[in-house]
Amino acid sequence: MLRLIITLSIVVSATNIKSSEIDLSGFVTFAAGFTDNERLLYQNYDDSLDFSENSLAAIQAYTDLGNGWGVTMQLMARGENDWNLESEWAFISYDSESDWRFLIGRQRVPFYLYSDYLDASIAYHWIRPPEGVYSLAFDQVDGFGASKIFDVSGYDIALQFTAGRNKDSIDELTPDYKDLAAISWSIGNELFTARLIYAVADITIPFEPIQPIVDAWEGYGFEKLSESIEIDGEHGVFKGVGGTVNFMSSNLVFEYTRLDSGDSFLPISDSYYVSWVSNLENGMVHLTVGGDTSAPRLSILDEVPLGQDPNIDNLYSSTYGFLDSFDEDSRFLTIGYKQVYTSNINFKYEITWFEDNLNPSADSTLLEFALVSVF
């Protein structure tokens, strides 16, 4: 945390020289939570109060270069990453006279309904959007983007294109999502918003722990099976639909996503949520239900003859157990309250009941609260 404060102080001091040319803004979330499960984590929380998970702070700088050109950079530190400062956004923008907006550099991919302000918790009712839907391993690319909003007979129609590549390290893995292309489309007015997203990428994930299994199947002559267990240049597809419906003093929010990682061993994953939000004088109450499912791709083992070679039988059992570990069928219910203390300071309180239909010992109740702000 001290590193973040020092770095932000340096940034602010440096920009004060020409403060009229640089606009600074930022946001913070200080969250805390714990579960009632003594054995297993839920959303990286255990039964001890934790103040790091979901806590973050960010500062964003923008400068207008004139003639429609601009530069934006966002630095962020997350509590779960020991408050190490990292670059989230770093791009050059151009706003054309035809109202098209173009971006070149590191930018966010519009995977979700709340992608534009995903980390700015003050912009929505939860402390953090539902984890299942918002669970992709990355949400930024280094590349190119274009977007435009059309006004058609009183409806706002938005188109956004993004293309690029992501090679960010995740823990000890260095995945490569190349040739990524995403297109999102939305339509809405004061009463509703509907949105679609379609994205593709070639996925390569060097996963050393499974390499002995890959090599073993290849050694026994099952080359196709061996290739299926590797994640090397797989054609991944992400699809999503979402929207909002606005009523007099409440609104309904929903999203559904599907991730298909190609011909690899990774299963097709489906996630959804539906959230009801009731607006009060100084805040809002919300209720969200959702679920996540994925079926392991055990069919890749269909070609293996059993009962002929004990070594193959043992390898089959090990591979079956590995694949079956990706089986998922879970549900959750969240009830929360967002207190609007001032226009730029909110307090949030949530309780979530999580149910794992495949492993009841993972069932958990999560209590979480947060202070969020923008500046």
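Up top you'll find the structure we're talking about.
Because the structure is a prediction, the values reported are computed rather than measured.

1. Looking at the nonpolar core
Trp217, Ile229, Phe265 and Tyr273 are the most contacted members of the largest nonpolar core, which totals 51 residues. Contributions of two or more residues to this core are made by strand S8 (176-188), strand S9 (192-204), helix H2 (211-219), helix H3 (223-229), helix H4 (310-324) and strand S16 (364-374). The dominant element in this core, judged by the number of residues it contributes, is H4, at five residues. Counting five residues, the second-largest nonpolar core is a separate cluster that includes Phe27, Leu56, Ala58 and Ala120.

2. Topic: the pairing of strand S10 (residues 232-246)
Each regular strand displays side chains that alternate between the two surfaces of the sheet. Pairing of S9 with S10, which is carried by 13 bridges, proceeds in the antiparallel orientation. The partner of Thr204 across the bridge, within S10, is Asp232. Relative to strand S11 (residues 250-260), S10 runs antiparallel, the two sharing 10 bridges. For Thr244, the partnering residue across the bridge sits in S11 and is Val253. Between the antiparallel neighbours S10 and S11 lie three residues.

3. A look at the environment of Glu53
Tracing the backbone through its elements, the reader meets Glu53 in the loop between strand S1 (22-35) and strand S2 (56-66). A residue is classified by how much of its surface remains accessible, and Glu53, at 12% relative accessible area, is buried. Separated by 25 residues in the primary sequence, Glu53 and Arg78 have C-alpha atoms spaced 8.0 Å apart. Apart from the residues within four sequence positions on either side, Glu53 is in contact with Ala31, Gln43, Asn44, Tyr45 and Glu80. A distance of 3.3 Å separates polar atoms of two side chains, one belonging to Glu53 and the other to Asn44.

4. Brief notes about the environment of Val372
When you line up the elements, Val372 lands in strand S16. Its relative accessible area of 1% is what places Val372 among the buried residues. In the structure, Val372 is positioned 251 residues away from Ser121 in sequence and 6.5 Å away in space, judged by C-alpha atoms. Discounting chain neighbours no more than four positions away, the residues touching Val372 are Val28, Thr29, Ser121, Ile122, Asn344, Ile345, Asn346 and Lys348.

5. Describing the environment of Tyr45
Topologically, Tyr45 is positioned in the loop between S1 and S2. Relative accessible area serves as the criterion here: at 0%, Tyr45 is assigned to the buried category. C-alpha of Tyr45 to C-alpha of Ala120: the two residues are 75 residues apart in sequence and 21 Å apart in space. Among residues more than four places away in sequence, those in contact with Tyr45 are Ala31, Ala32, Gly33, Phe34, Thr35, Leu40, Asp50, Glu53, Asn54, Leu366 and Glu368.

6. Quick notes on a negative patch on the surface
A grouping of Asp36, Glu38, Asp46 and Asp47 is seen on the molecular surface, where their side chains present a negatively charged patch. In this structure, Asp46 sits in the loop between S1 and S2. Judged by relative accessible area, which is 31%, Asp46 ranks as partly exposed.

7. Observations regarding the packing of aromatic side chains
Under the counting rule described, the total for this entry stands at 28 aromatic pairs. With a centroid separation of 4.7 Å and 40° between ring planes, the pair formed by Trp69 and Tyr94 is classed as tilted. On the criterion of sequence distance, the pair formed by Trp69 in strand S3 (residues 69-78) and Tyr94 in strand S4 (residues 85-95) is long-range, its members being 25 residues apart. Residue class for Trp69 comes out partly exposed when judged on its relative accessible area of 41%. Note on Tyr94: relative accessible area 26%, which makes it partly exposed. Aromatic pair Phe247 and Trp276: ring centres 5.5 Å apart, planes at 35°, arrangement tilted. Here Phe247 is found in the loop between S10 and S11, whereas its partner Trp276 is found in strand S12 (residues 269-280), with 29 residues between them in sequence. Given a relative accessible area of 39%, Trp276 falls into the partly exposed group. One aromatic cluster is present, built from ring pairs that chain together Phe111, Tyr112, Tyr134, Phe138, Tyr177 and Phe238.

8. Points about the pairing of strand S6 (residues 140-152)
Of the pairings in the sheet, the one linking strand S5 (residues 101-108) to S6 comprises eight bridges and is antiparallel in character. The partner of Arg108 across the bridge, within S6, is Gln140. Where S6 folds back on strand S7 (residues 155-166), the antiparallel hairpin that results is connected by two residues, among which Ser153 adopts a positive phi of roughly 55°.

9. Comments concerning the pattern of salt bridges
Between side chains of opposite charge, a pair can form as their charged atoms come close. This structure, assessed with the given rule, holds 13 salt bridges. The shortest N-O distance in the salt bridge between Asp95 and Arg101 comes to 2.8 Å. Residue classification places Asp95 among the partly exposed residues on the basis of a relative accessible area of 34%. We classify Arg101 as partly exposed; its relative accessible area is 28%. One salt bridge connects Arg106 with Asp142, and the closest N-O pair in it is separated by 2.9 Å. Of this pair, Arg106 sits in strand S5 while Asp142 sits in strand S6; the two residues are 36 residues apart in sequence, bridging distant segments of the chain. Sharing partners across several salt bridges, the network here consists of Arg78, Glu88, Arg108, Asp119, Arg128 and Asp139.

Conventions used here
- Residues numbered from 1 in each chain as written.
- Predicted model: local features only at pLDDT ≥ 70, side-chain atom pairs only at ≥ 80, totals over all residues.
- Heavy atoms only, no water.
- Core = buried A, V, L, I, M, F, W, Y, C linked by side-chain atoms within 4.5 Å.
- Buried < 20%, exposed > 50% of the residue type's maximum accessible area, 1.4 Å probe, protein only.
- Helix = DSSP H or I, 4+ residues; strand = E, 2+ residues; numbered from the N terminus.
- Pairing = 2+ DSSP bridges.
- Contact = heavy atoms within 4.5 Å.
- Polar contact = N/O pair within 3.5 Å; in protein donor to acceptor, adjacent residues only side chain to side chain.
- Patch = residues over 30% accessible without salt bridge, like charges linked within 9 Å, V, L, I, M, F, W, Y side chains within 5 Å.
- Areas by Shrake-Rupley, 256 points an atom, 1.4 Å probe, with all protein chains shown as cover.
- Salt bridge = Lys/Arg side-chain N within 4 Å of Asp/Glu carboxyl O.
- Lys, Arg positive; Asp, Glu negative; His and termini not counted.
- Charge placed at Lys NZ, Arg CZ, Asp CG, Glu CD.
- Phe/Tyr/Trp six-rings, centres within 6.5 Å; stacked < 30°, edge-to-face > 60°.

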